[in-house]
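# Structural characterization, general
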Amino acid sequence: MSDLIIWTYDWVPEGPRGFVRDLRLRWACEEAGLAYAVKTLPFDARGPEHLARQPFGQVPLLSDGQLDLFESGAGLLHLARKSEMLMPRDASGEAQALQWTIAALNSIEMVTVPWWFLEITGAKENCLTGWMQSRLTHIERTLQGRDWLAGGRFTVADLLMADVLRVPKVRAFGDRPATEAYIARITDRPAFKQAHAAQMAHFAAADAARA
Ligand SMILES: N[C@@H](CCC(=O)N[C@@H](CS)C(=O)NCC(=O)O)C(=O)O
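Residues numbered from 1 in each chain as written. Predicted model: local features only at pLDDT ≥ 70, side-chain atom pairs only at ≥ 80, totals over all residues.

## Some thoughts on the sheet that holds strand β3 (residues 61-64)
Inclusion rule: At least two bridges found by DSSP between two strands are what make those strands a pair. Only runs of H or I of at least four residues qualify as helices and only runs of E of at least two qualify as strands under DSSP, and these elements are numbered from the N terminus. Axes here mean lines fitted to C-alpha atoms, for a helix over just the part in contact, with angles spanning 0 to 180 degrees between N-to-C directions.
Strand order in the open sheet made by the four strands is β2-β1-β3-β4, with mixed pairing throughout. Where the open sheet ends on each side, the last strands, each with one partner, are β2 (37-41) and β4 (67-70). Between one strand axis and the next, the sheet turns by 25 degrees as a mean value, whatever way the strands run. Both strand β1 (residues 4-9) and β3 contribute to a ladder of four bridges, which runs antiparallel. Note that in β3 the partner of L4 across the bridge is D64.

## Here's the deal with the pairing of β1
We count it as follows: For every residue, the other C-beta atoms within 10 Å of its own C-beta are counted; 20 or more classify it as buried, 12 or fewer as exposed, and values in between as partly exposed. C-beta atoms are placed from the backbone. Consider the strands pointing away from the viewer: the crossover is right-handed when the path from the first strand over the helix to the second runs clockwise.
When you tally the buried positions in β1, you get five out of six residues, the bulk of the element. Examined bridge by bridge, β1 and β2 share five bridges and lie parallel to one another. When the sheet's bridge partners are listed, T8 is paired in β2 with T40. In this view, the connection linking β1 to its parallel neighbour β2 by way of helix α1 (residues 22-32) has right-handed handedness.

What is shown is where atoms sit, not what they do.
And the structure:
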């Protein structure tokens, strides 16, 4: 029995299924061959117990024995310390993987999430479009020259960057062939498919339990 527990919601509406961020942690465990269990927190009633463990009432959480971690990025880096599969052990490869992991969160997702949120809320003019376009253009140029972001091979940074970029509205925005090939290649990995299928099955079972 593993000490790793990934916490997600007991149920979510259809829209976010396949994109709830517990998938990042499931995917990393699958890549690294780390055993894990999945447990749930109520989606509808986020009480003090949830808030004590995740100050924003969100998921995912990662438990490792006595350690409880929130923020999917923190969870990924914790898992990466357990497996060279996710993070190179040489100083340069590790530094590059850390750099690109933070870039995925702080230079790309920081723009893409508010952008698509404005899109789905039907804002007449999305004032973040120019900013996002600029970031995506820079990523496209970066990916034109390489298959991977760090250390010349797949790392946790690619897992996270691909997960950030695969959001349908972002993916459909503009014509960025290198980025599209990157997302397609990375989400074709068996570990992604396993994690994705497991999340979809989890929420389908939740529907059945509610019915
Ligand atoms: N920065 C957080 C974001 C977590 C997040 O947005 N979680 C979503 C599910 S993917 C959530 O719990 N949404 C419900 C809410 O914000 O109330 C992380 O990466 O863990």
